[in-house]
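# Structural overview
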Amino acid sequence: MIDVSITLKSKSYEYDSIGNQIEVVTNVEVPIIRIEDIYANEFYRGSQAGFKPSLRVVISPLNYNNENELSYKGKNYSVIRVSDINQDEIALVCEVRAGEN
């Protein structure tokens, strides 16, 4: 079964009452337009740069605010690259986060 949404994750930092910095993770669920295959040239170029692209998800640019992590089907991914497809769609090329095999 294909999930119809992904969870974009962004991090910010706040301070507690005694001045310690605390990481705050914000999760935003956004709908998926479609999942695409990783293109062969994209896979090989990514491999040369030390990345292992494994997911290409298309969403609306209105839902994306430069988050660098996402969750899909119970796995956590890092966003490697964002590309504009047209004015209504962007593609997020992602790799599985280290230790998430």
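Residues numbered from 1 in each chain as written. Predicted model: local features only at pLDDT ≥ 70, side-chain atom pairs only at ≥ 80, totals over all residues. Heavy atoms only, no water.

## Observations regarding the overall build of the protein chain
For the protein chain, the count of helices and strands is 1 helix and 7 strands. When the helices and strands of the protein chain are placed in sequence order, the string is β-β-β-α-β-β-β-β. The buried share of the protein chain, reckoned over its 101 residues, is 33%. Contacts in the protein chain between residues at least 24 apart in sequence constitute 52% of all its contacts with a sequence separation of at least 6. With an accessible surface of roughly 6,700 Å², the protein chain has 47% of that area assigned to carbon and sulfur atoms. (Helix = DSSP H or I, 4+ residues; strand = E, 2+ residues; numbered from the N terminus. Buried < 20%, exposed > 50% of the residue type's maximum accessible area, 1.4 Å probe, protein only. Contact = heavy atoms within 4.5 Å. Areas by Shrake-Rupley, 256 points an atom, 1.4 Å probe, with all protein chains shown as cover.)

## What to know about the sheet that holds strand β4 (residues 55-59)
Backbone-to-backbone hydrogen bonds join strands into a sheet, with any given pair of strands oriented parallel or antiparallel. Strand order in the open sheet formed by 7 strands is β2-β1-β5-β6-β7-β4-β3, and the pairing between neighbours is antiparallel. Where the open sheet ends on each side, the last strands, each with one partner, are β2 (21-31) and β3 (34-36). Going from strand to strand, the sheet's axes swing by 35° on average, the running direction of each strand aside. Here strand β5 (residues 69-72) runs beside strand β6 (residues 75-86); their pairing, made up of 4 bridges, is antiparallel. By the bridge assignment, Glu 69 is partnered in β6 with Ser 78. (Pairing = 2+ DSSP bridges. Axes fitted to C-alpha atoms, helices over the stretch in contact; angles between N-to-C directions.)

## A word on the pairing of β4
Of all 5 residues in β4, 5 are buried, a share of seventy percent or more. Of the two faces of β4, both are covered, the one formed by Leu 55, Val 57 and Ile 59 as well as the one formed by Arg 56 and Val 58. For β3 and β4, the ladder comprises 3 bridges, and the chain directions are antiparallel. Across the sheet, the residue bridging to Ile 35 is Val 57, located in β4.

## Some points on the environment of Val 57
When you line up the elements, Val 57 lands in strand β4. Each C-alpha atom of the pair Val 57 and Leu 92 lies 5.3 Å from the other, and the pair is 35 residues apart in sequence. Not counting chain neighbours up to four residues away, the residues in contact with Val 57 comprise Ile 6, Ile 32, Arg 34, Ile 35, Leu 70, Ile 90, Ala 91 and Leu 92.

## Details of unusual backbone geometry
If you check the backbone angles, Asn 66 has positive phi at about 60° while not being a glycine. Take Asn 66: it is sitting in the loop between β4 and β5. Exposure remark for Asn 66: the relative accessible area of 68% places this residue in the exposed category. Although it is not a glycine, Lys 73 adopts a positive phi angle of roughly 55°. Within the secondary structure layout, Lys 73 lies in the loop between β5 and β6.

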